[in-house]
Amino acid sequence: MKTDTSSDTSSEHCDVFVSYTALDLEWASWVAQSLESLGHKVRIQEWDSRPGGNFVAWINTQLSHARTVVAIYSEEYFRSRWCEYEWTSALHMKKLVGIRVKQCALPPLLRPIAYVDVADTDEDTATKRLAAAVGGAPSASPNGRVCALDMGKAAAVFPRELPEIWELPIRSRHFIGRSESLRELGERLSRPVPVRTPSVVVVHGTGGVGKSQLITEYAYQRIEDYDIVWWVPAENAVTANERLAVLGDRLGVVPRTDSQSPAQRVVAALAQRRRWLLILDNVTDRGLAACLVPPSGHGHVVITSRDPGWEGYGELVKVDALHVNESLELLRRRLPQLDTRSARTLADYLDHLPLALAQAASTIAETGMPVEKYLELLRKQSASVLADGAPEDCPASLAASWALAMDRLRQEDPTALGLLQTAAALAPEPIPLDLLAAGAEHGAGVIGDELQFYQAVRRIRRYGLAQVEPRMMQLHRLGRLIVRDRMDEGEQAERTAIAQRLVAACRPGLPRNPENWAQYSALLPHVRSLDLIVSRDRQARALFLDSAEFIARRGDVQSSLDLVTRAHDVLVTRHGPDDVDALWALHLWANDLHWLGDYAAARVMREETLARYRRVLGDDHPDTMMCATNLATDSFNVGEYAAARALNEEVLARRRRILGEDHQETFRSASNLVTDLVHAGEFRAASALNEDTLARRTRILGPDHPDTLTSSSKMGICLFLTGDYTGARARDEDTLERRRRLLGENHQDTLSSAGNLANDLFHLGEHAAARWMNEDTLDRRRRVLGPDHPDTLTSMSNATNDLIHAGETEAALALAEQTLEQRRRILGESHPDTLGSAGDYAVDLFRSGARDRAFALMNEVLSQRRRILGPDHPDTLASSGNVALATWCAGQHTAARSLLSSTLKRRRDVLGEDHPDTQASKSAQEVIRSAADAPLATSRALAALERRRGGGYSPCP
């Protein structure tokens with residue numbers, strides 16, 4: 001059938017037709033506008049091909065009518081079969097001019113043909129080469145349209161190399177004017193600010209006025225000025241934190257699980273960098289913006305918001321509607337046949353809002369209706385649409401434009417409208433197409449046929465109702481509201497239920513496994529928007545809880561805690577406290593308390609949860625065993641080592657019987673029991689069990705899995721505690737390197753490995769390196785975990801050893817006293833770590849001369865350790881040896897010899913003859929064997945007093 005082009009000016013003769021692949025659109029746009037500015041009549045498919053027309057026939061027409069065909073050479077161009085047809089046709093017609101824009105190999109047929117090379121050149125040189133290559137006298141009236149440059153449209157930016165780290169929305173090809181706003185924005189960002197303070201500009205205006213498009217255009221025009229350009233949808237904290245978490249991953253700075261959010265970590269990282277642009281789009285909470293703006297650094301922050309009340313936050317730039325000439329040019333570019341009077345009528349009715357103008361032009365172009373009919377229908381329908389609860393910030397014209405397109409879509413393809421309505425039930429964030437396409441497989445009731453699904457997506461895109469990118473679809477937030485408001489309550493409930501089933505059907509695997517995090521990140525906005533915790537579908541509720549756990553494991557523990565506490569309240573109210581989902585929410589709540597360092601509260605909550613699990617599910621259910629394992633962890637962290645060990649042994653036996661030796665959860669129980677054995681002083685048994693667990697985890701999970709690295713770290717601890725400092729160092733260096741690569745420098749586990757390696761170095765005599773690493777680890781733990789976190793206190797304890805070795809006794813004594821005070825307050829008087837600090841502080845006091853006070857504290861620690869840990873525990877024997885040496889210094893030589901002899905015997909029995917602790921007792925016995933030279937013996941006894949050899953450590957849920 002013959003294609004009708006009678007009303008299409010693109011069928012007229014032109015000077016130049018630009019042939020390109022979509023990946024080179026920026027180059028094609030620059031070439032086209034550059035030639036237009038020289039007076040040439042140019043055809044380019046992106047601007048001139050009529051929507052809904054036969055594009056193959058259109059291209060053939062341009063190839064025939066154009067005087068010159070400019071082909072944009074690149075590897076992508078030569079891979080395209082459509083582009084091959086275009087350049088071979090142009091070559092045959094002897095009208096081909098090749099412009100190589102990227103380094104690429106030419107096909108054999110083109111190698112003898114001269115071309116223009118603009119790759120790796122500046123804009124001025126490229127412009128001159130382009131003009132010389134095209135040549136010829138230009139037509140008098142380019143394209144029958146006013147030149148874009150004459151209308152004040154920003155010229156297409158000469159393509160440049162993008163920053164290494166960047167994320168921006170797709171650039172609008174219909175961006176018009178705004179030259180004054182762009183100039184003002186650039187000027188305000190360039191104004192002097194206090195030293196090391198970022199420039200902050202707030203761009204505000206009503207919805208649909210084009211704030212986001214303005215900032216997008218500015219970022220692309222100035223992109224060469226920055227090394228980092230990052231766009232953050234900031235309408236809520238979770239979405240903003242997630243996008244900043246992605247930036248953190250790109251920067252390599254965001255920990256997975258700690259008490260500081262990814263946003264705080266990225267903000268801190270940007271404060272140390274230069275040449276960055278951070279865009280916070282659609283901010284509704286000024287408090288959130290204050291948290292996301294770096295307090296220092298050499299960079300720029302742009303905030304967009306509908307709220308004009310941003311005084312005191314930064315420079316303000318108000319965005320108003322387009323000027324009349326800009327509105328008319330926008331309409332002319334989209335609707336070349338539109339007369340000035342009709343364009344002015346349409347622009348005035350739409351209040352010159354660019355989003356409304358673009359939507360109206362798309363509807364008119366794709367439906368083919370006259371402007372008068374469009375305005376008639378717009379006036380008839382706008383009142384009813386807006387009267388039925390349309391949002392105040394949605395202009396009538398914009399809502400009516402969406403309504404008309406939706407009516408047309410309903411007539412053409414009702415299933416496509418259903419897909420659009422389902423997408424509107426999701427969040428106004430990118431929606432994975434795989435999620436929407438999952439309906440057939442999972443019975444979600446969207447579109448069963450795959451081909452039909454993608455045809456529906458194409459129709460939605462053609463009507464301008466969604467932005468479609470590879471693998472993603474996204475509705476504008478205003479359009480989403482309009483779609484939702486046009487459904488009655490029954491339709492909204494139906495589409496919400498479908499959306500819930502779709503999202504639930506895409507539930508990834510375990511949130512503890514890093515390979516699932518990308519999926520959780522993509523689903524998170526929709527999980528929150530649908531509020532899946534109130535769904536009747538248990539799979540949907542489970543995904544909500546899994547998402548909360550994912551947020552915690554990525555590092556935003558506080559946001560996770562907010563989600564799980566609300567989830568627990570909802571589930572208990574609706575289903576009762578013994579509902580399995582309510583119990584899992586309580587379990588996750590306890591996990592978050594653990595990661596925040598509140599071990600006592602976590603244990604209390606876990607005890608209640610375990611009691612309910614046992615009553616509801618039984619002792620052998622996987623969830624019951626999981627809860628029991630984590631209760632053992634909580635008990636361990638509050639110092640109840642015997643209870644922790646007993647529970648871990650019980651769960652390990654159950655898991656081996658029910659799940660098997662090689663199950664991931666069996667490994668967790670075995671690994672936790674290793675820690676119990678270490679703290680019981682049973683180093684050989686701990687080492688044997690850990691060696692077996694490490695081998696199994698390496699074989700099944702791989703050497704770089706976080707759980708495998710946990711076992712590797714414990715192997716280093718076992719080697720250290722058995723006196724093999726060289727072996728411990730090799731193991732800890734390898735584990736630290738792997739954790740840095742997988743988890744980042746500041747992850748809680750990475751910092752534990754750094755602290756362990758510092759202890760190895762100290763005991764190998766590399767004191768300077770040990771001190772540097774301890775100080776760095778302490779600084780990071782204070783920033784990441786907080787000053788009162790138990791891991792931070794461990795680093796403080798280790799740092800005291802470094803100060804003592806350096807002879808800085810006063811500083812060491814002060815730090816030891818501070819650590820003891822904090823541990824008493826945080827962990828309690830009888831916690832083994834508190835007793836460790838008390839024992840160390842007593843040694844420091846004794847050496848400083850406060851012997852009576854120190855001697856009393858040493859005896860108190862010994863008494864408590866005997867009661868809590870037992871008489872043969874390594875820590876108890878360390879206290880026993882110190883009391884013996886202090887007794888010697890007090891002149892009670894007989895009692896001292898008896899106690900030291902008993903300590904040496906116990907250490908030989910428990911640790912072995914060659915263990916460093918046993919050797920220390922032998923050396924101490926030699927010191928006090930003879931009292932012939934009492935002052936010398938006393939001096940040596942003081943030197944023989946023992947501080948703990950390593951910091952504390954704990955398992956994780």
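Computed from a prediction, not measured in an experiment: that's the story for all the values here.

The rules we used
- Residue positions within a chain follow its written sequence, with the count starting from 1.
- In keeping with the predicted nature of the model, local features appear solely for residues at pLDDT of at least 70, side-chain atom pairs appear and are counted solely at 80 or more, and the whole-chain, interface and lining totals rest on all residues.
- The basis for every side-chain value is the complete set of non-hydrogen atoms in the structure, without hydrogens or water.
- Salt bridge, as used here, is a side-chain nitrogen of Lys or Arg placed within 4 Å of a carboxyl oxygen of Asp or Glu.
- In this text, helices come from DSSP runs of H or I with a minimum length of four residues, and strands from runs of E with a minimum of two, each type numbered from the N-terminal end.
- Summary of the burial criterion: residues with accessible area below 20% of their type's maximum are buried, those above 50% are exposed, and those between are partly exposed, where the area comes from a 1.4 Å probe applied to protein chains only.
- Here, nonpolar core means buried Ala, Val, Leu, Ile, Met, Phe, Trp, Tyr and Cys residues that are tied together by side-chain atoms lying within 4.5 Å of each other.
- When checking whether two residues touch, look at their non-hydrogen atoms; a contact exists if any pair is within 4.5 Å.
- Strands are labelled as partners when DSSP assigns at least two bridges between them.
- For every residue, the pLDDT score states the predictor's confidence, bounded by 0 at the bottom and 100 at the top.
- Here the expected span of a helix is defined as 1.5 Å times the quantity of residues minus one.
- Directions are taken from the helix axis to each C-beta atom, and the arc is the one they span.
- Ring pairs are drawn from Phe, Tyr and Trp, using the six-membered ring of Trp, whenever the two centres fall within 6.5 Å, and their geometry is named by plane angle: stacked under 30 degrees, edge-to-face over 60, tilted for the rest.

**Student:** Explain the pattern of salt bridges to me, please; I cannot follow it from the model alone.
**Tutor:** Two side chains of opposite charge can pair, provided their charged atoms sit close to one another. Under the counting rule described, the total for this entry stands at 62 salt bridges. One salt bridge in this structure joins glutamate 650 and arginine 654, with 3.4 Å as the shortest N-O distance. Of the two residues, glutamate 650 and arginine 654 are both situated in helix H29 (residues 641–658); the distance of four residues between them amounts to about one turn of the helix. Residue arginine 654 is classed as buried on the basis of its relative accessible area of 18%. If you follow the salt bridges from partner to partner, you end up with Glu180, Arg183, Glu184, Glu187, Arg188, Arg191 and Glu315 in one network.

**Student:** Would you mind showing me how to read the nonpolar core here?
**Tutor:** Side chains of a nonpolar character, in soluble globular proteins, are inclined to be buried together. If you look at the biggest cluster of nonpolar residues, it comprises 68 residues, and the most contacted ones within it are Leu420, Leu435, Leu436, Ile460, Met473, Val503 and Leu545. The dominant element in this core, judged by the number of residues it contributes, is helix H24 (residues 538–554), at seven residues. In this structure leucine 435 touches Leu426, Leu502, Val503, Cys506 and Leu523, once residues within four positions along its chain are discounted. If you look at the next biggest cluster of nonpolar residues, it comprises 43 residues, including Val203, Ile223, Ala356 and Ile364.

**Student:** Just to check I follow, could you spell out the pairing of strand E4 (residues 96–100) for this structure?
**Tutor:** Moving residue by residue along a regular strand, the side chains alternate between the two faces of the sheet. With five of five residues buried, E4 is to be regarded as a mostly interior element. The two faces of E4 match: Leu96, Gly98 and Arg100 on one face and Val97 and Ile99 on the other face are all buried. With five bridges connecting them, strand E3 (residues 66–73) and E4 associate as parallel partners. Residue pairing for E4: tyrosine 73 is matched across the bridge by arginine 100. As paired elements, E4 and strand E5 (residues 116–117) share two bridges and run parallel to each other. Within the sheet, the bridge partner assigned to arginine 100 lies in E5 and is aspartate 117.

**Student:** It is not clear to me how the confidence of the model for the chain should be interpreted in this structure. Could you clarify?
**Tutor:** When pLDDT is averaged along the chain, the result is 83, and 88% of the positions lie at 70 or above. The model gives residues 140–154 a pLDDT under 50, and that stretch makes 36 contacts with residues more than four places away or in other chains. pLDDT under 50 marks residues 382–397. Its contacts with residues more than four places away, or in other chains, come to 27 contacts.

**Student:** Would you mind going over the sheet that holds strand E14 (residues 472–474) with me for this structure?
**Tutor:** Taken in spatial order, the three strands make up an open sheet running E12-E14-E13, and their pairing is antiparallel. Each of the sheet's edge strands pairs with one partner strand only, and the pair in question is strand E12 (431–432) and strand E13 (467–469).

**Student:** Which parts of the structure should I look at to understand helix H6 (residues 123–134)?
**Tutor:** An α-helical segment advances 3.6 residues per turn. Residues three or four places apart therefore align on the same side. Taking 1.5 Å of rise per residue, the twelve residues of H6 would be expected to cover 16 Å, and the 16 Å separating its terminal C-alpha atoms lies within 8% of that figure. Among all positions of H6, only Ala126, Leu130 and Val134 are buried. An end-on view of H6 places all buried positions within 55° of arc, on one side of the element. Every exposed residue of H6 that faces more than 90 degrees away from the buried side is listed here: Lys128 and Ala132. On its buried face, H6 is in contact with strand E1 (14–19), helix H1 (25–37), E3 and E4. Among the residues trailing H6, glycine 135 stands out with phi positive, at a value near 55°.

**Student:** Is there a simple way to think about H1 in this case?
**Tutor:** For H1, spanning 13 residues, the distance from its first C-alpha to its last is 18 Å, which sits close to the expected 18 Å at 1.5 Å a residue. Most of H1 sits out of view: ten of its 13 residues are buried. Trp27, Ala28, Ser29, Trp30, Val31, Ala32, Gln33, Ser34, Leu35 and Glu36 are the residues of H1 that are buried. If you follow the buried residues of H1, they end up packed against E1, strand E2 (42–44), helix H2 (45–48), E3 and H6. Just past H1, the residue glycine 39 takes up positive phi, approximately 100°.

**Student:** I tried to follow the packing of aromatic side chains on my own but got confused; where do I start?
**Tutor:** What characterises a pair of aromatic rings is the spacing of the ring centres plus the angle enclosed by the ring planes. All told, the structure shown has twelve aromatic pairs when counted by the stated rule. Residues tryptophan 27 and tryptophan 30 carry aromatic rings whose centres are separated by 6.0 Å and whose planes lie at 90° to one another, so their mutual orientation is edge-to-face. Of the two residues, tryptophan 27 and tryptophan 30 are both situated in helix H1; the distance of three residues between them amounts to about one turn of the helix. Judged on exposure class, the residue tryptophan 27 and its partner tryptophan 30 are both buried. With centroids separated by 5.5 Å and ring planes inclined at 80°, the aromatic side chains of tyrosine 77 and phenylalanine 78 adopt a geometry described as edge-to-face. A relative accessible area of 0% means that tyrosine 77 is categorised as buried. Classification of phenylalanine 78 as buried rests on a relative accessible area of 17%.

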